[in-house]
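Chain by chain, the residues run as shown.
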Amino acid sequence: MAEKSKVAFYWCASCGGCEEAMVDLAEDILQVVEKAEFVLWPVAMDFKREDVENLKDEEILVTFINGAVRTSEQEEMVRLLRKKSKILIAFGACAYTGGVPGLANCYSREEILNFYYKSGDTVFNPEDKKPTPHFIEGNFAFEIPEFYGRVYAVDQVVDVDYYIPGCAPTRKVVKNAIDALFSSQLPQKGSILGASSKSLCNECPLNETKPEKIYVKKFKRVDKTQPEPDKCLLIQGYPCLGPVTRGGCEALCVKANYPCTGCFGPLDDVKDYGAKAVSFLASIIDSNDEKEIEKIIDEGLSNPLAIVYRYSLPKSLIFDTKIKKNGG
Ligand code: SF4
Ligand code: SF4
Ligand code: SF4
């Protein structure tokens, strides 16, 4: 029997959904098991950090990292896995562009710690304790990971070979990516694996109802009104980001009557997804009057920053360049 390739999975600042995506492979995971020997998979198997440290450099064929990087432990593990792996993959939106945890970059470390350890409604902390990397309790000295001043996408910490998009990546995308990895027909370094190179609209079943030009006088919210089922959501006024989002998910959200929020990230050659989304939404607002535009945005797009940067604030070229690691 051919020797199996070593494969590792690791999770950083993650909700666990990307780990679920692996399990969602169901019987297809047997194909992976046939070819792979797992050397690290904290959510499923009991390996220790020293098991990875004991491997030779580049002994792991491929490591999948999900989640963004927020703590010193995550940074150390990502650097260690980079050293031990031939191919390192940023798996899922959090690893690829910072994801939902990246929205925490709207706040400083101090603001976050104050909320969770002091001012939050359910906080009871009479001694005003906050986590610090080194502390002494009784006769014992403890060390816990340091909480950094911002969230990083994985390629802001180490070199990344490939990206698998999605929050979470769908079963089909994961399967396509794994097939590409084991087929030795890998694309150019830095490519997106498993997804489409075209926009989501190209695979959306409502695309034929979408006219060439769209103008919106009022944005609608799905928590307030129910979209009509068989009509492009954008022409109905719902801020669907399908036109600026990479396809590959088969329009999962739209099929559930919910506008695309952009989890598959930017199309090729777009460096800042949020900036592209802003420019797209601005281009469809049907007004040239500044006050009216403000009103359309205020009434229909609650928290515009979170709409356009829901998955990619740490990779924004416009925002977030000043908060340094370990800074407040
Ligand atoms: S990309 Fe989505 S599913 Fe994956 S870890 Fe991040 S939040 Fe969870
Ligand atoms: S519903 Fe969204 S994804 Fe579908 S065609 Fe309209 S804009 Fe594109
Ligand atoms: S429709 Fe948009 S938000 Fe939903 S899974 Fe697809 S890319 Fe992600």
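Heads up: the structure comes first, above all this text.
The structure contained in this document is the topic of the report that follows. Because the structure is a prediction, the values reported are computed rather than measured. (Residues numbered from 1 in each chain as written. Chains lettered and ligands numbered in written order. Predicted model: local features only at pLDDT ≥ 70, side-chain atom pairs only at ≥ 80, totals over all residues. Heavy atoms only, no water.)

### Some points on the sheet that holds strand β1 (residues 5–11)
Alright, step 1. Pairing is parallel in the open sheet, where five strands are placed in the order β2-β1-β3-β5-β9. Two strands in the sheet have a free side with no partner beyond their single neighbour: β2 (36–40) and β9 (162–164). Recorded for the sheet is a direction-independent mean angle of 25° between the axes of neighbouring strands.
Alright, step 2. For β1 and β2, the ladder comprises four bridges, and the chain directions are parallel. Paired with S5 across the two strands is A36, which belongs to β2.
Alright, step 3. In the packing of helix α7 (residues 171–182) onto the sheet, the strands contacted are β1, β2, β3 (60–66), β5 (85–91) and β9, and the crossing angle to β3 comes to about 160°. (Pairing = 2+ DSSP bridges. Helix = DSSP H or I, 4+ residues; strand = E, 2+ residues; numbered from the N terminus. Axes fitted to C-alpha atoms, helices over the stretch in contact; angles between N-to-C directions. Contact = heavy atoms within 4.5 Å.)

### Description of the site of ligand 3
Alright, step 1. Neighbouring residues of ligand 3: L200, T245, C249, C253, C260, T261, G262, C263 and F264.
Alright, step 2. Split into classes, the residues belonging to the shell around ligand 3 amount to six nonpolar, three polar and no charged. (Near = heavy atom within 4 Å. Nonpolar A, V, L, I, M, F, W, Y, C, P; charged D, E, K, R; others polar.)

### Focus: the site of ligand 2
Alright, step 1. Taken together, L200, C201, C204, N207, K210, C232, L233, L234, C240, G242, P243 and V254 make up the full set of residues near ligand 2.
Alright, step 2. By residue class, the composition of the shell around ligand 2 is nine nonpolar, two polar and one charged.

### Brief notes about the environment of C15
Alright, step 1. Inspection of the secondary structure puts C15 in the loop between β1 and α1 (17–23).
Alright, step 2. For the pair formed by C15 and C94, sequence separation is 79 residues and the distance between their alpha carbons is 9.3 Å.

### Topic: unusual backbone geometry
Most peptide bonds are trans, and most residues other than glycine sit at a negative phi.
Alright, step 1. For the bond from C167 to A168, the omega torsion is -5°, close enough to zero to count as cis.
Alright, step 2. One non-glycine residue with positive phi stands out, namely E250, at about 65°.
Alright, step 3. With respect to the helices, strands and loops of the structure, E250 is situated in the loop between α7 and α8 (252–255).
Alright, step 4. Given the relative accessible area of 35%, E250 is considered partly exposed.
Alright, step 5. Positive phi, normally seen in glycine, also occurs at D269, with a value near 75°.
Alright, step 6. Mapped onto the fold, D269 is located in the loop between α8 and α9 (273–284).
Alright, step 7. Of the residues examined, D269 reaches a relative accessible area of 76% and is grouped as exposed. (Buried < 20%, exposed > 50% of the residue type's maximum accessible area, 1.4 Å probe, protein only.)

### Structural notes on helix α6 (residues 109–119)
Alright, step 1. Residues R109, I112 and L113 constitute the buried set of α6. All buried residues of α6 project into a common sector of 95° when viewed along the axis, lining one side. Exposed and facing more than 90 degrees away from the buried side of α6 are K118 and S119.
Alright, step 2. If you follow the buried residues of α6, they end up packed against β4 (69–71) and β8 (147–152). (Arc of directions from axis to C-beta.)

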